[in-house]
Amino acid sequence: MTTTLASARTKVLQRQGAAVALVLMVTVAWLVFPRFGSLDNVRDLALQGSFLAVIAIGMTFVIITGGIDLSVGSLYALGGVLAAYGSQWGFFAALLFPLVVCGLIGVVNGLLIARTSMAPFIVTLASLLFARGLLLVITDEGATTYQIAPDSAFVELGRGTVFGFGHPVFVALVLAVLGGLLLHRTTFGQNVFATGGAESSAVLMGVPVARTKVLVYTMSGTLAGLAGALTAAYLQSGVTVIGVGTELDAISVVVIGGTLLTGGAGTVLGTMIGVGLRTVIQNVINQIGTLDSNLQSVVSGVFLLIVVVLQRTLRR
């Protein structure tokens, strides 16, 4: 009986290494920093993590298929500018502009990768440059910043709250639930795993590999655009300088959450845990308050490295 319980605990630790690290991190931060556990800080943590979570959900599907999407950071920034630009025509224009444009760029990524067998790294790197260039064209090389009127209904999407938690938090949670169901309870989800697990075998089994790739890259682009729209609604403007390095943040939280970079395995829940862990680490660094921006990056990188090592140790 004791052996069985020990074995069960070991399996939990192996599968939920990021969750264990998150619990440990939160416990230490709660004890060391009195303000960390305050309701206001918890709300701030949830809001900060929600924008990255929306992007990371799409990235999870892409990486499970064995691909990568480097364009999401630029699409995130482009989505914000398009949302601010479209807000002059009302709520639906502000929301649809970034979803349609960023989604179409995702479609192009998927088609090039699926139909021409081009490397995802090269295709999405080109899209990163294209989206950032389009952003600069729209904003006159960054000289123009589109503002969203304070009385616009679109602002409520980013600044409105329920029980003190911002609307973007609930958007991210709903998308996470839908993403989890899509991944684990549908034929499409099975196709995603099959594509990443063994693509040649999946083709022989009749799995629509090409269509699956197009859909996951479309999803990734659309969600990046949505995250940009949410950020624009929160900031009440289309900020041109955001999104630099966001693709690396999204990839890191997905991998920390247990999704294999080689494809074939991963969960949306793990990704959300990865987002939570990264957000907590950043918050702890801010709580310290004595580190400059350069040292903050160093400390953040060290923390993430420790978490990955902890995960691998638990799995062994």
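Our structure is the block above this text.
Note that this is a predicted model, so its numbers are computed, not measured.

Engineer: Is there a simple way to think about helix 13 (residues 268-288) in this case?
Structural biologist: In an α-helix there are 3.6 residues to a turn, and that puts residues three or four apart on one side. A rise of 1.5 Å per residue sets the reference length of helix 13, with its 21 residues, at 30 Å; its end C-alpha atoms lie 31 Å apart and thus fit the reference within 8%. The buried fraction of helix 13 amounts to 15 of the 21 residues, a majority that puts the element mostly inside the structure. The N-capping residue of helix 13, defined by a side-chain oxygen 2.9 Å from the backbone nitrogen of G270, is T267.

Engineer: Quick question: what am I supposed to make of the packing of aromatic side chains here?
Structural biologist: Think of a pair of aromatic rings as described by two things: how far the centres are apart, and how the planes are tilted against each other in angle. Per the counting criterion, the structure on display carries eight aromatic pairs. Ring centres of F91 and F154 lie 5.8 Å apart, and the angle between their planes is 65°; on these two criteria the pair is classed as edge-to-face. In this pair, F91 sits in helix 5 (residues 91-116) while F154 sits in helix 7 (residues 153-159), placing the two residues 63 residues apart along the sequence. Residue classification places F154 among the buried residues on the basis of a relative accessible area of 0%. In textbook terms, an aromatic cluster arises when at least three aromatic residues are bridged by ring pairs, as seen for Y85, W89, F97 and Y146. When the ring centre of F165 is taken as origin, the NZ or CZ atom of R43, which lies over that ring, is 5.8 Å away. The ring of Y234 is capped by R159, whose NZ or CZ atom sits 5.0 Å from the centre of that ring.

Engineer: In this structure, what is going on with the packing of helix 12 (residues 246-256) against helix 13? I would like to understand it.
Structural biologist: The relative placement of two packed helices is expressed as an angle between their axes plus a distance between the axes. Following both chains from N to C, one finds helix 12 and helix 13 inclined at 115°, their axes separated by 7 Å at the closest point. In terms of crossing hand, the pair formed by helix 12 and helix 13 is right-handed. The residues of helix 13 that touch helix 12, namely those facing D249, S252, V253, V254 and I256, are G270, T271, G274, V275, L277 and R278. Residue composition of the contact of helix 12 with helix 13, by class: five nonpolar, four polar and two charged.

Engineer: Sorry, what's going on with the nonpolar core here?
Structural biologist: In this structure, F61 and F154 are the most contacted members of the largest nonpolar core, which totals 61 residues. Here this core takes 13 residues from helix 3 (residues 39-64), the largest share from any one element. Apart from the residues within four sequence positions on either side, F61 is in contact with G179, L182, L183, F188, V192, V216, M219 and V268. Core analysis: the second largest hydrophobic core is formed by 15 residues, A18, A29, F33 and I273 among them.

About the criteria used
Residues numbered from 1 in each chain as written. Predicted model: local features only at pLDDT ≥ 70, side-chain atom pairs only at ≥ 80, totals over all residues. Heavy atoms only, no water. Helix = DSSP H or I, 4+ residues; strand = E, 2+ residues; numbered from the N terminus. Expected span 1.5 Å × (residues − 1). Buried < 20%, exposed > 50% of the residue type's maximum accessible area, 1.4 Å probe, protein only. Polar contact = N/O pair within 3.5 Å; in protein donor to acceptor, adjacent residues only side chain to side chain. Phe/Tyr/Trp six-rings, centres within 6.5 Å; stacked < 30°, edge-to-face > 60°. Lys NZ or Arg CZ within 6 Å of the ring centre and 35° of its normal. Axes fitted to C-alpha atoms, helices over the stretch in contact; angles between N-to-C directions. Left-handed = near helix turned anticlockwise from the far one by under 90°. Contact = heavy atoms within 4.5 Å. Nonpolar A, V, L, I, M, F, W, Y, C, P; charged D, E, K, R; others polar. Core = buried A, V, L, I, M, F, W, Y, C linked by side-chain atoms within 4.5 Å.

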